[in-house]
Every structure is written in C-alpha cells, then in structure tokens.
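# Residue-level structure breakdown
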Amino acid sequence: MTNARVVCRSLGWDGAILYRHSSFYGDGQGHIWMDDVQCLSGKESNLVACKFSGWGVTDCSHHEDVGVQCGPVRLWPLASEEGVFDQVRLRMPKGHKKKIPTSHGYVEVREGKKWRKVCVNPDDDLKKIAFVTCGQLGFPDGNVVDDPEAYLAEEAHRKYAYILGDISCNGSESVIGNCNFTVLDSHDRRACDDGAPLMVRCVHGFKYNIRMRKEPPSDNTTLPDATKPNIKKSKTLTRLRAGSRSNEGRVEVLRYGRWGSICDKGWDMNAASVACREMGFGSAKTAPLNSAYGDGHGPIWITDLDCVGNETRVGDCTSVALTYAFDYYMTMREDGTNTDGPHCTHGEEAGVVCHTPDMRLNEKVKLVGGRMNDEGLVEVRIKKKWGLVCSDNWSVVEAGVVCKQLGFGFAVYALKDVIYFPTELDEVLMTGVKCDGSENSLQECYHDPEVQECGAGRAKPPLAGVMCAYQSPDLVQDIPLLQQSIHLDDRALSYLYCAHEEGCLSESANDADWPYGSRRLLRFSTRVWNRGKADFKPAKTKNQWQWHQCHQHYHSMAEFTHYDILDLNFTRVAQGHKASFCLEDSECASGVDKRYDCDSPTGGEQGIAVGCADNYQYSIDCQWIDITDVKAGNYLLRIHVNPGRLVAESDYTNNQVYCNLQYDLSRVWAWNCHLPEDYDAERIARYYTADVYP
C-alpha cells in the first residue's frame, strides 16, 4: 500500500484505497521498467524516488502487472490541454479609461512570451469572429468596433506585429484557435498591409459583484424568525450546481416549474457553449461528462441534446424528453438508478466549465507557507496594501471563498490561530470577516470597515489559513423516506431520561413529574446520501469526539441535523436536533463498497463515503421533535442537514427539506416534502401559504 500511495499522490489523488496485482486491469504492453519497488515512507514524490531493481531489470511477465485504486479526493485539478493560440486578451488603446473587466480593445494572442495582434479584412465575417473571440474572453456576445477612426483618436498610427490572419469562423467555435486561420510571420510588420487589427466590443453578461457587503449574512439556525427560503426568480431557464466557482458545475434546466439535469448522451462543446452563453458567460472551456460534479437528485429532463452552437437557449436545441412532468418518483429512485430502463442515470449527467472575464480576483489574495500551493496562511490585499486576516469567527465558509477566489476548488479545513505557516507580514488588515459562500472574493464578504482588535487579550493575533481540495462532498436527503415515515408517538417519560439529558425534549419537560407522564413526539426517519465527489467526514477529529455516558456512544459533531416546526409566518414553534453519534455507511449504491463503520468501542471510523447513505430510523432516540406543547394547526416541517456548515460541501442549497404539516392534536398529515431550490420561485411560494391546506 505504501507504493500505491506514492503512485496516487504523484498523479494528484489523496492516497490509495487498494492495490491490484496479477494484471487485474488487463495485461500491459511493451517493456516492464520497474520491479521489486520499495517505497519506505510513502511521502516520496514519485516511484523513481523509491528503491527498485533498476530500469528494465525484471523477471516478471505482463500477467503480473500491478494496478491501483486511488482515493476520491483530488489534490490538484486534472490538467487541461490548451491549444497553441488559446491565450487571448483585450488591450485598450490610449484615451480609454481602464476598467475591470476589460470588454473592448485590440484582440491579442499570445505567442511565447509576447502578445501579437490579429489581422482581419473587410471581407471577413467579422460578426462571427467577434462572437467567438468575446466568448473565449468570457462574454456572451460581441461585435467589432464599428468606428475605428473615432475609437483610435488618441492612438498613434504604427505598425504592429501580427500572428493570425485570414480568419474564418462559423460561430460555433469555443475559442478562436478552433477557427480556420493562417499563421503570419510576427516579425513581418507588413503582414497586414491589406487589412487591419481586430478590435471588438464585447457585451457584458453575468454580473460579478466586486463590492463589500454592507451587512453580515445571517446563517444562525437558532433564530426564531427570518428562516424563509430565499428563492429568487430565475432570470434564465438554465443554471449550474455543485461547482467550486460560479462558472462551472452540473447543468440543470427548468421544466414544468422544476429544475432537473441533462443526460450527457449527445452533450458536446456546442451544447455546453449554448448553455454558458444563456447564463451570461462566454463559450465553454470544457464539457465534462459522467456527473463530474456529483450526482443530481431530481429528474433528468432531457437527453440526446443536439445544438448547432449559435442557439440562444438550450431549449432551442433539439432533444429527447426523458422524464415527464408528473412521474418523477415513478421513473427515478433516490439512489440514482432508473426503474423503467437503462437509458440514463444520475451518474451520466452533463457538466460545464464556462469562460469568464478576467476579474483579476486571484491577484487580491494568496496563500503562503504551505506544503503545497493550495494550503497556507491567508494574505489579502486591501487598497494596494498586503496584510493578514484575523481568524476570529473564521469557518469553512470563509475558507471556501478563498479557495474559490484562487481557483483551488473547495475548502477542506478552515485553519484558525495559524502559527506553523511562515509569513513576512505582521499587520492584520481584515477582522470580523463573514461570508455566505456565494461571494467570488474575500473582499466581497462583510468585514469591519475599520480594523478591530483581533484575539482580545492575546500577545499575538490569531491568523486565518486554509487547506483546499478540488472535490467536495454533497449531502442530499431521501425525501420519499422522510414523508412516508412521519407519525406520532406518545412516549413514557421513564424511557426518555437519556434523551432529556441530551437536550432532545422541549423546555417544558424540565417541569414534568418524572418518571410519570409522557411526551408527544413527531417521529420520522432520515436517510442522507453523499452525492458529491469526496467523503463527508465529521467536523471534529477523533480525539475531539465527546463521549455520551447515558447513551454509551461518541458524538463526532455537535449537530448533524436540525429539525424545526414552523408556522406559516416562518416562526419556530418546536425544534429538535440530531448529533452525529454514528456517522457511517448504512447502505451504498450498487457497486460501491462501505468504508465507514462506527460499531466499535472506540467509535470506529465515522463518515459517509461517496455513493453511500447514513440512515437514522424513526425508532432511534432523538429522531423526533417534541410537540407536546404544539397547538393544532397548519405548519411547516423543516429538516436541515449540516445546518452550521461545519463541514464544507459543494452545494449547500440542497441541505434543507420542507414539508407541509397539519396537526389536529390526535393525527398528523405531511405532504409536499421538497427541496426549495428544486422549484421556481412562483411554484414554491404556493407551498408556504394557507391555500395548500385542506
């Protein structure tokens, strides 16, 4: 396994799960270069640093070839192959005020270490050339400058160096390097005497916020009010989910008022570019297949998508309907498999990475002192000055914004009170930092306008650091199981001592005549799937777990799930919670092996592997809400997984399930259990009104 770990880490994966011998993946071909390999520490940078018998010195045959299965977490992203002329920028001529992002100017292509102009002729289809160029620069549309003389009024006439000419684009290309062109001699200053340099004006699309929040976001799950889902009306019929940045993720489309994914059969760069431009981005960089951003959980609306590349919406492309308006639970199971045919599953969903304008956000923050470039102490630039960030109230949400800003994926750990990463700076420039996770840079997060005291009473201020990873877990609840299992239970107090000690009963239980009497409990089962690309692990390390003597088990998280009953004004009337006393792989999808089992005296290994689920049956202690004091009426039931965002996920929007709930003191009814983000704003608003109650 030591050798396997070295191989996996050298390829960018965080360790190995197992190794395979005897040509498990088939016989190789060619020479067998290495034999008797012995890696001593497992920290070697690659196999060459380990001991072996010598290059080509072996007595093995290809029937003895070795293989490995690496862990699911990426240490750095897979390398993307860039074409020779895939680096393009805009340079504004003199006389124009510089803005970020630059949306007009000369089009320049990088050749080696220098930037060269692009030569065009009046007979060229300039509209299509500008469309492709602006798409590559991150803009949904563009045109050539229509009045070059006025535009270049303050630019001196001079000869330029050109690299491309005779360009012909059909409009479907994602980068200018995919168009037909002639490579010019960049040293020939007369190469474009019959033409002119290409100048474009690009049309802005997706709006990037670059200003600081005026008020800190509120994510306090204990607040009694203001808990209504913030579902905004979508401006487009296409969106992205589970990406580390706003321009990447699983592609979802809105049909019949509900969001669903796209099967990757037929998904290509043309379709991906149409989706990107519809959302206000440029053309597509890549079009990942096979649910590269984790499995979805709703309907898969369409398949066999066929786009020319110049459509304005995904809906304008030809496609085949796969799931219909009212039969989602008949055609798709929550484990992602299909009940009526193998055409497409949640493991075959389309994703995309879109071109975006260069906002230069990565120039405003950096990580220093880490072992790798995706970890370290956070240094931030404020008003042209570099300084440090205070770690008071620092969490994985703020750390995730830093990772996103630098292009390092998601946060794994939010490091507080960092002393082991060296830095040459000593001044703290940001205190009171509070993000909600949607920001594209740390500067956008709320922070104290004037730097406040950091680490009150301490000799040295506590400093913030991060550790990033390119993949992350994503928890999604099993909605049908929840809705079907809701029921009432009158439980004698004599059975509730441990639950009372753990805070699972309402406050009125403190005044009860123990052990006489009973409590009215709303019981239900929950099953939480990990649909992401990395294992979900407890917020606390094993040495920080808390032993609960009465229940005889360890708590690895103070609160894994929070339960609420709300009135129709979204005021809490009753609540419950579930500490993760046994976070494990209760069941897994077909072909996935269980990895976490906490059934041991020491607490075992807790977590939820990718493709597995943790089950809490309604019969377990604290798997309820104490409604003894709740009056008859119409309510909402809310189940919130990972409510404090103590563990980083690729998508927090799918963590809350709401149900309509009616209670008449003797019976209870629950229906319309749903994830608010699965529906459009108009449809979801009806679920929170009295109109849906009989």
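Whatever comes next refers back to the structure up there.
This write-up is about the structure you can find in this document. (Residues numbered from 1 in each chain as written. Predicted model: local features only at pLDDT ≥ 70, side-chain atom pairs only at ≥ 80, totals over all residues. Heavy atoms only, no water.)

## Some thoughts on the pairing of strand β13 (residues 258-262)
- Buried residues dominate β13, accounting for five of its five residues.
- One ladder, built from four bridges, connects strand β12 (residues 248-255) with β13; its direction is antiparallel. Residue pairing for β13: V253 is matched across the bridge by G260.
- Hairpin connection between β12 and β13: a loop of two residues separates the two successive antiparallel strands, and Y256 in this loop has a positive phi of roughly 55 degrees. (Buried < 20%, exposed > 50% of the residue type's maximum accessible area, 1.4 Å probe, protein only. Helix = DSSP H or I, 4+ residues; strand = E, 2+ residues; numbered from the N terminus. Pairing = 2+ DSSP bridges.)

## A look at the nonpolar core
- Counting 26 residues, the largest nonpolar core has V251, I262, W267, F281, L305, V314 and V352 as the members making the most contacts within it.
- The set of elements that each furnish at least two residues to this core consists of β12, α4 (269-278), β15 (300-306) and β17 (351-354).
- Residue contributions to this core peak at five residues, all from α4.
- What V251 contacts, discounting residues up to four positions off in sequence, is T238, R239, L240, G260, S261, I262, W267, A275, A350, G351 and V352.
- V389, V402, F408 and A464 belong to the second-largest nonpolar core, a separate cluster that totals 23 residues. (Core = buried A, V, L, I, M, F, W, Y, C linked by side-chain atoms within 4.5 Å. Contact = heavy atoms within 4.5 Å.)

## What about the state of the cysteines?
- Following the criterion strictly, the structure yields 14 disulfides and no others.
- Between the sulfur atoms of C390 and its disulfide partner C454 the distance amounts to 2.1 Å. Because the sign of the S-S torsion sets the handedness, a value of about 90 degrees for the bond joining C390 and C454 places this disulfide among the right-handed ones. Here C454 lies in the loop between β22 (428-430) and β23 (465-469) and C390 lies in the loop between β20 (385-389) and α6 (396-406), a separation of 64 residues in the sequence.
- Here C390 falls in the buried class, since its relative accessible area comes to 1%.
- Between C659 and C673 runs a disulfide, and the two sulfur atoms are separated by 2.0 Å. Taking the sign of the torsion about the S-S bond as the criterion, the disulfide between C659 and C673, at about 115 degrees, is right-handed. Linking C659 in strand β36 (residues 656-663) with C673 in strand β37 (residues 668-674), this pair joins segments that are 14 residues apart in sequence. The two residues C659 and C673 agree in class, both being buried.
- With no disulfide of its own, C60 lies closest to C39 among cysteine sulfurs, the gap being 16 Å.
- Exposure remark for C60: the relative accessible area of 30% places this residue in the partly exposed category. (Disulfide = S-S within 2.5 Å.)

## Some thoughts on a nonpolar patch on the surface
- Taken together, M1, Y19 and V66 make up a surface patch of nonpolar side chains, about 310 Å² in accessible area.
- For V66, the position within the fold is in the loop between β1 (16-20) and β2 (67-70). (Patch = residues over 30% accessible without salt bridge, like charges linked within 9 Å, V, L, I, M, F, W, Y side chains within 5 Å. Areas by Shrake-Rupley, 256 points an atom, 1.4 Å probe, with all protein chains shown as cover. Salt bridge = Lys/Arg side-chain N within 4 Å of Asp/Glu carboxyl O.)

## Some details on the packing of aromatic side chains
- On inspection of all chains with the given rule, the structure shows 13 aromatic pairs.
- Aromatic pair F570 and Y688: ring centres 5.4 Å apart, planes at 80 degrees, arrangement edge-to-face. Taken together, the residues F570 in the loop between β30 (561-566) and β31 (572-578) and Y688 in the segment after α9 (681-686) connect sequence positions 118 residues apart. Of the two residues, F570 and Y688, neither departs from the other in class, the shared state being buried.
- These aromatic residues form a ring-pair network of at least three members: F536, F560 and Y616.
- Note that K366 overlies the ring of W386, its terminal NZ or CZ placed 4.5 Å from the centroid. (Phe/Tyr/Trp six-rings, centres within 6.5 Å; stacked < 30°, edge-to-face > 60°. Lys NZ or Arg CZ within 6 Å of the ring centre and 35° of its normal.)

## Some details on the sheet that holds strand β32 (residues 587-588)
- Pairing in this open sheet of four strands is antiparallel, and the strands run β24-β27-β33-β32 from one edge to the other. Unpaired on one side and paired on the other, β24 (475-477) and β32 mark the two borders of the sheet.
- Sheet topology places β32 next to strand β33 (residues 612-616); two bridges connect them, and they run antiparallel. Following the sheet pairing, E587 is matched in β33 by A613.

## Quick word on the side chain of R250
- Checked against the element boundaries, R250 lands in strand β12.
- The exposure class assigned to R250 is buried, which follows from its relative accessible area of 2%.
- Side-chain polar atoms of R250 contact the side chain of E252, separated by 3.4 Å.
- Setting aside chain neighbours within four positions, we find R250 in contact with R239, L240, R241, A242, S261, Y293, G294, D295, G296, E349, A350 and G351. (Polar contact = N/O pair within 3.5 Å; in protein donor to acceptor, adjacent residues only side chain to side chain.)

## Some words on unusual backbone geometry
- Residue P101 follows I100 across a cis peptide bond; omega there is 0 degrees.
- Topologically, P101 is positioned in the loop between β3 (88-91) and β4 (104-111).
- Located in the positive-phi region is S23, a residue other than glycine, with phi close to 55 degrees.
- With respect to the helices and strands, S23 occurs in the loop between β1 and β2.
- The residue A242 is not glycine, and still its phi comes out positive at about 70 degrees.

## As for the pattern of salt bridges
- Considering all chains together, one arrives at 28 salt bridges under this definition.
- The shortest N-O distance in the salt bridge between R638 and D564 comes to 2.7 Å. Of this pair, R638 sits in strand β35 (residues 633-641) while D564 sits in strand β30, and the two are 74 residues apart along the sequence.
- With a relative accessible area of 5%, R638 lands in the buried category.

## Notes on the side chain of D264
- For D264, the location among the structural elements is in the loop between β13 and α4.
- We note that D264 is buried and unpaired, the nearest opposite charge coming from K265 at a distance of 5.0 Å.
- Contact partners of D264, with chain neighbours within four places excluded, come to L289, N290, C344, E348, E349 and A350. (Lys, Arg positive; Asp, Glu negative; His and termini not counted.)

## Overview of the sheet that holds strand β25 (residues 487-492)
- Overall, antiparallel pairing links the three strands, which are arranged β25-β26-β34 in an open sheet. Bordering the open sheet on either side are β25 and β34 (624-626), each of which pairs with just one other strand. Each strand axis lies, on average, 35 degrees off the axis of its neighbour in the sheet, ignoring direction.
- As judged from the six bridges shared by β25 and strand β26 (residues 518-523), these two strands associate in the antiparallel manner. Bridge assignment links R491 to a residue of β26, and that residue is R519. (Axes fitted to C-alpha atoms, helices over the stretch in contact; angles between N-to-C directions.)

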